[in-house]
Amino acid sequence: MSTETLVPYDEALARYEPVLGIETHIELGTKTKMFCGCATEFGAEPNTQVCPVCLGMPGALPVTNRSAIEGIIKIGLALNCSIVEWCRFARKNYFYPDMPKNFQISQYDEPLCVDGYLDVEVDGETYRVEIERVHMEEDTGKSLHVGGATGRIHGADFSLVDYNRAGIPLVEIVTKPIVATGDKAPLVARAYATELRELVRAVGVSDVRMEQGSMRCDVNVSLMPKGASEWGTRTETKNVNSLRSVERAVRFEIERQAGVLDAGGKVIQETRHFQEGTGTTTSGRSKEEAQDYRYFPEPDLVPMAPSREWVEQLRASLPELPAARRRRVQGEWGVADKELQDIVNAGALDLIEETVRAGAEPAAARKWWMNELSRRATEQGAELASLPVTPADVARVSALVAEGSINDKLARQVFDGVLAGEGTPDEVVEKRGLKVVSDEGQLGSVIDEVIAANPDIADKVRGGKVAAAGALVGAVMKATRGQADAGRARELIIEKLTS
Amino acid sequence: MSADIIKKSAAELAGLISSGEASAVEVTQAHLDRIAAVEDSVKAFTHVDPETALAQARTVDERRAAGEALGPLAGVPIAHKDVFTTIDMPTTASSKILEGWRPPYDATVTRRLREAGLVILGKTNMDEFAMGSSTENSAFGPTHNPWDLNKIPGGSSGGSSAAVAAYEAPLATGTDTGGSIRQPAAVTGLVGMKPTYGGSSRYGLIAFASSLDTPGPLARTVLDAALLHEAFSGHDPMDSTSIDQPVPPVVEAARRAEVGGLRVGVVKEFGGEGYQPGVLARFHEAVEVLESLGAKVVEVSCPHFTYALPAYYLIAPSECSSNLARFDGMRYGLRVGDDETRSAEEVMALTRAEGFGPEVKRRIMLGTYALSSGYYDAYYGKAQQVRTLIARDFDAAFEQVDVLISPTTPTTAFAIGERADDPMAMYLADLCTIPSNLAGNAAISVPCGLADEDSLPVGLQIMAPVLADDRVYRVGAAVERALQDRWGGPLLAKAPEL
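Residues numbered from 1 in each chain as written. Chains lettered and ligands numbered in written order. Predicted model: local features only at pLDDT ≥ 70, side-chain atom pairs only at ≥ 80, totals over all residues. Heavy atoms only, no water.

1. Quick look at the overall build of chain B
Stated precisely, the cut-off is as follows: Where helices and strands are cited, they refer to DSSP runs of H or I of at least four residues and of E of at least two residues respectively, numbered from the N terminus. C-alpha atoms define the radius of gyration, and 2.2 Å times the number of residues to the power 0.38 defines the globule rule. Three labels apply to residues, based on accessible area from a 1.4 Å probe with only protein chains included: buried if under 20% of the type maximum, exposed if over 50%, partly exposed otherwise in between. Any pair of residues with heavy atoms lying within 4.5 Å of one another is described as a contacting pair. All accessibility values rest on the Shrake-Rupley procedure with a 1.4 Å probe; residue burial counts only the protein chains present in the view. His is not counted, nor are the chain ends, whereas Lys and Arg count as positive and Asp and Glu as negative. Charged side chains are reduced to one point each, which is NZ for Lys, CZ for Arg, CG for Asp and CD for Glu.
Across its full length, chain B holds 17 helices and 11 strands. Taken over C-alpha atoms, the radius of gyration comes to 21 Å for chain B, in line with the 23 Å a tight globule of 498 residues would show. Dimensions of chain B, computed from the C-alpha atoms along their principal axes, are close to 70 × 55 × 45 Å. Counting every position in chain B, which comprises 498 residues, the buried fraction comes to 63%. Long-range contacts, defined as pairs at least 24 residues apart, comprise 76% of the intrachain contacts of chain B with a sequence gap of at least 6. Roughly 16600 Å² of accessible area belongs to chain B as shown, and the carbon and sulfur atoms make up 52% of that amount. Positive and negative side-chain charges of chain B, numbering 42 and 63 respectively, have mean locations separated by a distance of 2 Å.

Shown next, in the form of structure tokens:
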């Protein structure tokens, strides 16, 4: 292992200009695989979703899944790509045990979608990421290397292969070089991956879950001295499996490559692996010894020639895309750019919109999701959307607050109950007895006790210092563990002491 | 009875079975007896399964007894090339790398044979992965030509041709990638048909060269070939390259057997140097026969056919290098060197080194080279351009004539071992048949007599446009009828008794 000298980020960016490129693989959520009728469910028993075709048995032949082609065309259209009138699949030949045929059906020089773009925003500035191509391919099986230190095939005691994933439709989205992002490069990379995920999710063709591998990014980074016209040598970092990792991988590569260049060295063109634990990248196979994939047109499949009518039908079927939606929501809710960005970054846009649709005021929906619930998600290290609370629950809580039957403090206790699995907000209110107490009789006795316990303050109020009543209200709230109707308590205290 | 039965055509046998004069079990048993009698000297089969065959025959007899309407070939036995998957028999493509492999599924052709009530006797020997023209490349030893046991039966469907020529079966399946049905048919005195590419399903056919492989029938008569063609052809949703069109009316054409007014083109480029005089003599006689039947024969030039052989030997190996990559010992078949110390990569390499024969390795290497970056354009790319030019030659020719004809092979059957060390000489056996594979059109070989110098069969090749399969049957049947009149019976009757 070579020791690497990292150059602090700001220093690196003072001297070098990064150029990025991102290749993203997205598994489509089709019911069946790309070239056979096998199911695609995630997490099934190994090797139970297989057949002669996806196992590459002798004699088996692929048949293209039309809904996968629909899916990729929709992604292409959402990315403002042109959909070509004619293209072919190609075979990418290489030997690996998780590839049943020892070639992957992919696309080579004739991708289905070309020349698109995706606009992303970082700190209020828009960056246009140009899309080179979007092409269709099949996923490989999944290897599990048992034993050995690295978890990779070399050095493993033995390996197991699960072919359930083999043949799942995979869309690869390749950007053109992303230039002139300066010190924002890591953020632009992350914003691109985030926006792409939102876009594909909105189109509804994949669940784009990076932690399950249904969206995977490879990040290319190179550096050139500021003012230079020729790009530097790039590395390709694989295994980048979260949005945060995309940002970290770019940042680390900038620091590492700057170190290599500062020392007068040369960046090696190679594949690198991102290490989640340390936030670093480590050297993989060098591109110089890279394999020759011997691409050639797949003779078992006929060319694809999507008709223009079909493409237009698919275009018309696209839902509202994230950028347009954000503009609309911003108008409807009247939120500032920064707040909207926070909402999007927190993955709360859908949740808030659904909460509003369930009857809550936008401001209340935002307040609960972005403050109370976001804080709890962070505490648990979970995604906001994965908390066991629904937009309908949040809408109900805000309705209870609006009608005055609970207050904010009680509402937080209601969420405690819902998150703890105690039931719906109404059930939690019922079980925990969380009701604002405004009844004169019940409050009256508490107030009498509070007045008796605080004669000095009571005297002040009697003497006309009405503001002093606040302290007594606080004492009432404390005594009722937050359940008292504070307004009513205040009225009653003043009534008792001044009348 | 037995001796009578085995010499009958499939159409005749089907007639006997459907009229109740013979049972499917009797017919099957007669052929199993013949196999037992001659197989030691012919070696046409890699696997014979009498019990399964008789069980299938019994089912046909029972269904008929129950009054079910059965297909026109129900109860007729068939020899099945060992390149098609069969769920109830091993499938090896005559390769050591697949020895003993039992597929988990039936090929579409296999399924359709079963649905038609054909009785599968066993699997026939072939050149390993269909690569060869002599069946000498089988991992399980060569098959012998029933006309002369020292000669090759053609290849790669040599087990199928030998089985039918030796009366071990009235029908056989074959696959034709560069001539692998027509050439064996020609050198054993049979009818062999390569349908239009996409006219018969490749699903479950172990691939050699995907864009060329075509399943087709071998039989002793043109009508039998047409009946079998009809039984297993037609659109298959499991094969994307399968044509979604009705099967051309091949049986009707075989019965019609007339050529009056038909325009026949003799391919100028196929003849002369390198052709055996006896082959050319029989071919010219066939031309005269066609003229005497009222066909108008002209010479047609197809200038790019000369480049067909080199183009084929780039395209086919390129595809094969990729198609055969899956045989790596990981999931099925042979596995060599798995001693728990070697890596997966080493086990793959050892398995392939031991599992593949020399001709297969030669073609994998040729193809790997032709597809390599930096060579692709010069080899694979150029070959594809030649392929287009050959298809255009056919298009231009079929504007002038209805069918094209040529000798099927430049020579009659050669001796076993004669060309084993000379791949180029071996490749020349497919000189005349390859253009139709590259263009994907229909082509048949029908017997047209014996060469004077060796008394071995000569084949006449008849080629028609894509999806005009019926046309070659019509012409083939007319030639067959006229020549049999001349010979006083089928050509095969002249073959020595085994």
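Now that the structure has been shown, the text picks up again.
2. Some words on the pattern of salt bridges
Residue and element names in this part refer to chain A. Our working rule: Salt bridge, as used here, is a side-chain nitrogen of Lys or Arg placed within 4 Å of a carboxyl oxygen of Asp or Glu.
Applying the stated criterion to the full structure yields 60 salt bridges over all chains. For Lys238, the salt bridge identified is with Glu236, shortest N-O distance 3.5 Å. Owing to a relative accessible area of 25%, Lys238 belongs among the partly exposed residues under this scheme. Connected through shared salt-bridge partners, Glu320, Arg325, Arg328, Glu332, Asp350, Glu353 and Arg357 make up one network.

3. Description of the UniProt feature "domain: Asn/Gln amidotransferase" (unreviewed entry) in chain A
Rules: UniProt positions are given in the numbering used here, feature names are shortened, and annotations may be inferred rather than shown by experiment.
UniProt records the feature "domain: Asn/Gln amidotransferase" (unreviewed entry) for residues 350-497 of chain A in the present numbering. With 70% helix and 0% strand, residues 350-497 of chain A has end C-alpha atoms that lie 51 Å from one another.

4. Concerning the pairing of strand β6 (residues 125-138) of chain A
All names here are of chain A. Applied cut-off: Criterion used throughout: strands pair if DSSP finds at least two bridges between them.
Where strand β5 (residues 113-122) meets β6, nine bridges bridge the pair, whose relative direction is antiparallel. Across the sheet, the residue bridging to Tyr117 is Glu130, located in β6. Taken together, β5 and the strand that follows it, β6, pair antiparallel across an intervening segment of two residues, in which Asp123 is found at a positive phi of about 50°. Relative to strand β9 (residues 169-175), β6 runs antiparallel, the two being bridged by seven bridges. For Met136, the partnering residue across the bridge sits in β9 and is Val171.

5. A short note on the sheet that holds strand β3 (residues 90-93) of chain A
Worth spelling out the cut-off: For every element, the axis is a line fit to its C-alpha atoms; helices are fit only across the contacting stretch, and the angle between N-to-C directions ranges from 0 to 180 degrees.
Taken together, three strands build an open sheet; the order of strands is β4-β3-β14 (chain A) and the sheet is antiparallel. Of all strands in the sheet, those with a lone pairing partner are β4 (103-106) and β14 (296-297) of chain A, marking the two edges. Note: β3(A) against β14(A), two bridges, orientation antiparallel. Counterpart to Arg91(A) in the pairing with β14(A) is Phe296(A). In the packing of helix α11 (residues 308-323) of chain B onto the sheet, contacts are made with β3, β4 and β14 of chain A, and the angle to β3(A) comes to roughly 60°.

6. Examining empty space enclosed by the protein
Heads up, the rule is: In this analysis, the protein atoms alone were mapped onto a 1 Å grid. Cavities are point sets where a 1.4 Å probe fits without being able to get out; pockets are open sets with protein on both sides within 12 Å along at least five of seven lines; lining residues have an atom within 4 Å of a point. Grid points are joined across faces, edges and corners, and a volume is the space filled by probe spheres set on the points. Residues are grouped as follows: nonpolar covers Ala, Val, Leu, Ile, Met, Phe, Trp, Tyr, Cys and Pro; charged covers Asp, Glu, Lys and Arg; every other residue, Gly included, is treated as polar.
Summed over the entire model, instances satisfying the criterion amount to six cavities of 30 Å³ or more. Its boundaries defined by the atoms lining it, the largest cavity holds a volume of some 120 Å³. As for the largest cavity, its lining consists of 17 residues, of which Val53(A), Leu61(A), Pro62(A), Lys101(A) and Ile105(A) are closest to the centre. For the lining of the largest cavity, a count of residues per class yields 10 nonpolar, one polar and six charged. Along its surface, the second largest cavity is lined by 15 residues, and Gly199(B), Pro246(B), Val247(B), Pro248(B) and Leu467(B) are the ones closest to its centre. When grouped by side-chain class, the residues that make up the lining of the second largest cavity number six nonpolar, eight polar and one charged.

7. Some remarks on the domain arrangement of chain A
Residues and elements named next belong to chain A. Under the convention used in this document: What marks off one domain from the next here is an automatic or database domain assignment. In this description, buried area is defined as the sum, over both parts, of the accessible area (probe of 1.4 Å) that is lost when the two are combined.
Looking at the assigned domains, one finds that chain A contains domain 1 (9-313), domain 2 (320-432) and domain 3 (440-498). For domain 1 and domain 2, the distance between their C-alpha centres works out to 34 Å. Every contact between the two is made by seven residues of domain 1 and, on the other side, six residues of domain 2. At the boundary of domain 1 with domain 2, total buried surface from both sides reaches about 580 Å², with 57% on carbon and sulfur atoms. The largest per-residue losses of area from domain 1 upon contact with domain 2 belong to Glu121, Glu195 and Glu198, which jointly make up 48% of the total buried on that side.

8. Observations regarding the packing of helix α15 (residues 469-479) of chain A against helix α16 (residues 486-498) of chain A
All names here are of chain A. The criterion, for reference: When an angle is under 35 degrees it counts as roughly parallel; over 145 it counts as roughly antiparallel; between 65 and 115 it counts as roughly perpendicular; any other value is oblique. Crossing handedness is defined as follows: a turn of the near helix away from the far one that is anticlockwise and smaller than a right angle gives a left-handed crossing, while the clockwise case is right-handed.
In contact at an axis separation of 9 Å, α15 and α16 are set at 125° when each is read in the N-to-C sense. In this view, α15 runs oblique relative to α16, as classed from their interaxial angle. Note on packing geometry: the crossing formed by α15 with α16 is right-handed. Contact with α15, carried on its side by Ala469, Gly470, Leu472, Val473, Val476 and Met477, involves Ala486, Ala489, Arg490, Ile493, Ile494 and Leu497 of α16 and no other residues of that element.

9. Structural notes on the UniProt feature "active site" (unreviewed entry) in chain B
All names here are of chain B. Mapped onto this numbering, the UniProt entry gives "active site" (unreviewed entry) at Lys81, Ser156 and Ser180. Across 100 residues in sequence, these annotated residues keep their C-alpha atoms within 11.3 Å of one another, forming a single compact spot. By the secondary structure assignment, Lys81 is in strand β2 (residues 77-81). For Lys81, a relative accessible area of 0% corresponds to the buried category. In contact with Lys81, other than residues within four places in its own chain, are Lys123, Thr124, Met126, Ala130, Ser156, Ser157, Ser160, Thr173, Gly174, Thr175 and Ser180. Tracing the chain through its elements places Ser180 in the loop between β4 (171-176) and α7 (182-188). We classify Ser180 as buried; its relative accessible area is 4%.

10. Quick word on the UniProt feature "domain: Amidase" (unreviewed entry) in chain B
According to UniProt, the feature "domain: Amidase" (unreviewed entry) maps to residues 26-472 of chain B in the numbering used here. As annotated, residues 26-472 of chain B comprises 38% helix and 14% strand, and the C-alpha atoms at either end are separated by 34 Å.

11. Digging into the pairing of strand β12 (residues 270-275) of chain A
Residues and elements named next belong to chain A. To be explicit about the condition: By the criterion used throughout, a crossover qualifies as right-handed when its path from the first strand across the helix to the second strand runs clockwise, the strands pointing away from the viewer.
By the criterion of burial, β12 is predominantly enclosed, with five of the six residues buried. Across three bridges, strand β11 (residues 235-240) lies against β12 in parallel orientation. When the sheet's bridge partners are listed, Glu236 is paired in β12 with Thr271. In this region the chain leaves β11, passes through helix α4 (residues 243-262) and returns to the parallel neighbour β12; the handedness of that crossover is left-handed.

12. Digging into the interface of chain B and chain A
This is how it is decided: Identification of polar contacts relies on pairs of N or O atoms within 3.5 Å, with a donor-acceptor requirement for protein atoms, meaning one able to donate a hydrogen and the other able to accept it, and with residues adjacent in sequence counted only if both atoms are side-chain atoms.
On the side of chain A, 33 residues touch chain B, which itself brings 39 residues to the contact. Roughly 2700 Å² is buried in total at the junction of chain B and chain A, and carbon and sulfur atoms are behind 59% of that figure. Its largest share of buried area at the contact with chain A, chain B owes to Ser240(B), Arg326(B) and Arg331(B), together 23% of the area lost on that side. As a salt-bridge pair, Arg202(B) and Asp300(A) come within 3.0 Å of each other at their nearest N and O atoms. Inspection of the chain B/chain A interface yields 18 residue pairs in polar contact (both at pLDDT 80 or more). Contributing elements (two or more residues each) for the side of chain B that touches chain A: α11, α12 (344-355) and α13 (358-371) of chain B. Considering each element in turn, the side of chain B that touches chain A owes the most residues, five residues, to α11(B). Classifying every residue of the side of chain B that touches chain A gives 19 nonpolar, 13 polar and seven charged.

13. As for the packing of aromatic side chains
The following threshold applies: Aromatic pairing here means that ring centres of Phe, Tyr or Trp (its six-membered ring) are within 6.5 Å. Orientation follows from the plane angle: under 30 degrees is stacked, over 60 is edge-to-face, and everything else is tilted. Look at NZ for Lys and CZ for Arg. If either is within 6 Å of the ring centre and within 35 degrees of the ring normal, a charge sits over the ring.
Across all of its chains, the model carries 21 aromatic pairs over all chains by this definition. Measuring from ring centre to ring centre gives 3.9 Å for Tyr108(A) and Tyr295(A), while their planes differ by 10°; the resulting arrangement is stacked. Remark: Tyr295(A) occurs in the loop between β13 (280-286) and β14 and Tyr108(A) occurs in the loop between β4 and β5; sequence separation between them is 187 residues. Overall, Tyr108(A) belongs to the partly exposed group, its relative accessible area being 41%. Exposure remark for Tyr295(A): the relative accessible area of 18% places this residue in the buried category. For the ring pair Tyr369(B) and Tyr379(B), a centre distance of 5.8 Å and an interplane angle of 45° mean the geometry is tilted. Of the two residues, Tyr369(B) sits in helix α13 while Tyr379(B) sits in helix α14 (residues 377-400), which places them 10 residues apart along the sequence. Clustering of aromatic rings is evident, with ring pairs tying together Trp101(B), Phe129(B), Phe327(B), Tyr332(B) and Phe356(B). Across the ring face of Trp310(A), the terminal group of Arg66(A) is positioned such that the distance to the ring centre comes to 4.1 Å. Between the NZ or CZ atom of Arg251(A) and the centre of the ring of Tyr9(A), over which it lies, the distance is 4.1 Å.

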